[in-house]
Amino acid sequence: MVREVFEDAYNYMKSGQLMRQVVNRINGIDFNNLTERQHFGDIYEQILNDLQSAGNAGEYYTPRAVTSFMARMTDPKPGETLFDPACGTGGFLTCAIRHMREQYVKRPEDEATMQASLRAVEKKQLPHMLAVTNMLLHGIEDPSFLRHDNTLARPYVSWGKDERVDIVLTNPPFGGREEDGIESNFPQHFRTRETADLFLALIIRLLKSGGRAAVVLPDGTLFGEGVKTRLKEHLMAECNLHTIVRLPNSVFRPYASIGTNLLFFEKGAPTEAIWYWEHRVPEGQKAYSMTRPIRLEHLDDCAAWWGGPSRKGRVENERAWKVTAEEIKARGYNLDIKNPHTVEEDHGDPEELLEALNNAEAEVAAIRAELKAILSEALLR
């Protein structure tokens, strides 16, 4: 395990004294003590959070609130195969593990079943090493399921039925471009250099019938054309894209200010209608930031509206709206649909505003002339 993790690593520390201090501090932790181990796991996740960026090709640390919410809404259970094809430092895996332990793991057999059902891949060496360490610190006895590889480097058609999974939870890198030749692993109509698009095509193929997924995707995927249009058409034909949660640009700050969306879908039936939920920054706060990040309780209103596993009882309100598949098709599969309940601020009639501006400028000019005359008169005295 250790050899695999470090085979592609170039790790060094310039100060021998610092290295000794780190070793001494870690030696002081009793890893047989469950409480100490849990505390150390929490500290390690905070270190991963503080790292901010795990790479330079669109790989970022997904905020804990987002990963926890996605795991909660997808509701994985022990025995269901869970896959993250671009796992980064393992945030989705740890949230899914925590959710299952809180909700479903009651016996040692449940724990063993859960651990045997995890699958993950990470392309870059450093995030892979951090993810493996993260798994060990979260009580995963054999993290060898977490492979150091590029999921997209394998031909699309080579993924067989026996490799299909029940759940995909992931935030594929977006904004990044794949190296030459990777897109040739995909069918002609899905070929692109855009990493997020290739991952979306692969996720649809990898899901079993009845399988479910929660994926973070940028606004560009929603309104993009060409390959993106074909992908969205394919997604809505193969899967029930039942919910899109629209997040504000500031969720991934300070290292990315891009509009993102959480897409929830189930494979096996075509999409008939999509529910949208607009997440807003809490009142009294202009945007999320490093000091005031998004927290899980900020998403409680969406969880309350969700309607449980069967999504029953959903109603439209100032945050939620519903769009039929026919409307989406008529729009050329443009999923970038703004909240129809948002009342645009009325700034008034342009002609009237211009006239008021001219009057104000004339009044200012008159006062200036009057002031100039008073000053001139005072100087003459």
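All of the points below concern the structure found in this document. Since the model is a prediction, treat every value here as computed from it, not as a measurement.

Counted residue by residue, strand β6 (residues 239-247) has nine buried out of nine residues, so it is predominantly covered. Across eight bridges, the pairing between β6 and strand β7 (residues 260-267) is antiparallel. Paired with Val245 across the strands is Leu262, a residue of β7. Sheet analysis places β6 next to strand β8 (residues 273-278), joined by four bridges and oriented parallel. Its bridge partner lying in β8, Arg246 is registered against Glu278.

As a further point, take the state of the cysteines. What the rule picks out here adds up to zero disulfides. There is no disulfide at Cys95, and the cysteine sulfur nearest it, in Cys87, is 13 Å away.

Taking strand neighbours across the sheet as the criterion, the nine strands line up as β3-β2-β1-β4-β5-β7-β6-β8-β9 in an open arrangement whose pairing is mixed. Among the strands making up the open sheet, the edge pair consists of β3 (146-148) and β9 (320-324). The sheet shows a mean angle of 15° between the axes of neighbouring strands, taken without regard to direction. Bridging between strand β4 (residues 165-170) and strand β5 (residues 207-218) involves five bridges; their strand directions are parallel.

Okay, helix α8 (residues 195-206) next. For α8, which comprises 12 residues, the first-to-last C-alpha distance of 16 Å matches the rise-based estimate of 16 Å (1.5 Å per residue) to within 8%. Among the residues making up α8, those that are buried are Thr195, Ala196, Asp197, Leu198, Phe199, Leu200, Ala201, Leu202, Ile203, Ile204, Arg205 and Leu206.

Side chains of Asp349, Glu351, Glu352 and Glu355 sit close together on the surface and give a patch of like negative charge. For Glu351, the position within the fold is in helix α13 (residues 350-380).

The subject of this paragraph is helix α6 (residues 108-116). Where α6 is concerned, the buried positions are Asp110, Glu111, Met114 and Gln115. Take α6 and look down its axis: the buried residues cluster within an arc of 130°, on one side only. Away from the buried face of α6 by more than 90 degrees, exposed residues Pro108 and Ala116 are located. Buried residues in α6 make contact with α5 (91-103) and β2 (118-122).

Before going further, it helps to spend a moment on the pattern of salt bridges. Summed over all chains, the structure comprises 17 salt bridges. A salt bridge links Arg107 to Asp110, with the nearest nitrogen and oxygen atoms 3.4 Å apart. Arg154 is paired through a salt bridge with Glu163; the nearest N and O atoms lie 2.6 Å apart. Judged by relative accessible area, which is 27%, Arg154 ranks as partly exposed. Through salt bridges with shared partners, a single network forms among Asp219, Arg246, Asp336 and Lys338.

Reading guide: rules and limits
- Residues numbered from 1 in each chain as written.
- Predicted model: local features only at pLDDT ≥ 70, side-chain atom pairs only at ≥ 80, totals over all residues.
- Heavy atoms only, no water.
- Buried < 20%, exposed > 50% of the residue type's maximum accessible area, 1.4 Å probe, protein only.
- Helix = DSSP H or I, 4+ residues; strand = E, 2+ residues; numbered from the N terminus.
- Pairing = 2+ DSSP bridges.
- Disulfide = S-S within 2.5 Å.
- Axes fitted to C-alpha atoms, helices over the stretch in contact; angles between N-to-C directions.
- Expected span 1.5 Å × (residues − 1).
- Patch = residues over 30% accessible without salt bridge, like charges linked within 9 Å, V, L, I, M, F, W, Y side chains within 5 Å.
- Areas by Shrake-Rupley, 256 points an atom, 1.4 Å probe, with all protein chains shown as cover.
- Salt bridge = Lys/Arg side-chain N within 4 Å of Asp/Glu carboxyl O.
- Lys, Arg positive; Asp, Glu negative; His and termini not counted.
- Charge placed at Lys NZ, Arg CZ, Asp CG, Glu CD.
- Arc of directions from axis to C-beta.
- Contact = heavy atoms within 4.5 Å.

Read these as geometric descriptors, not functional statements.
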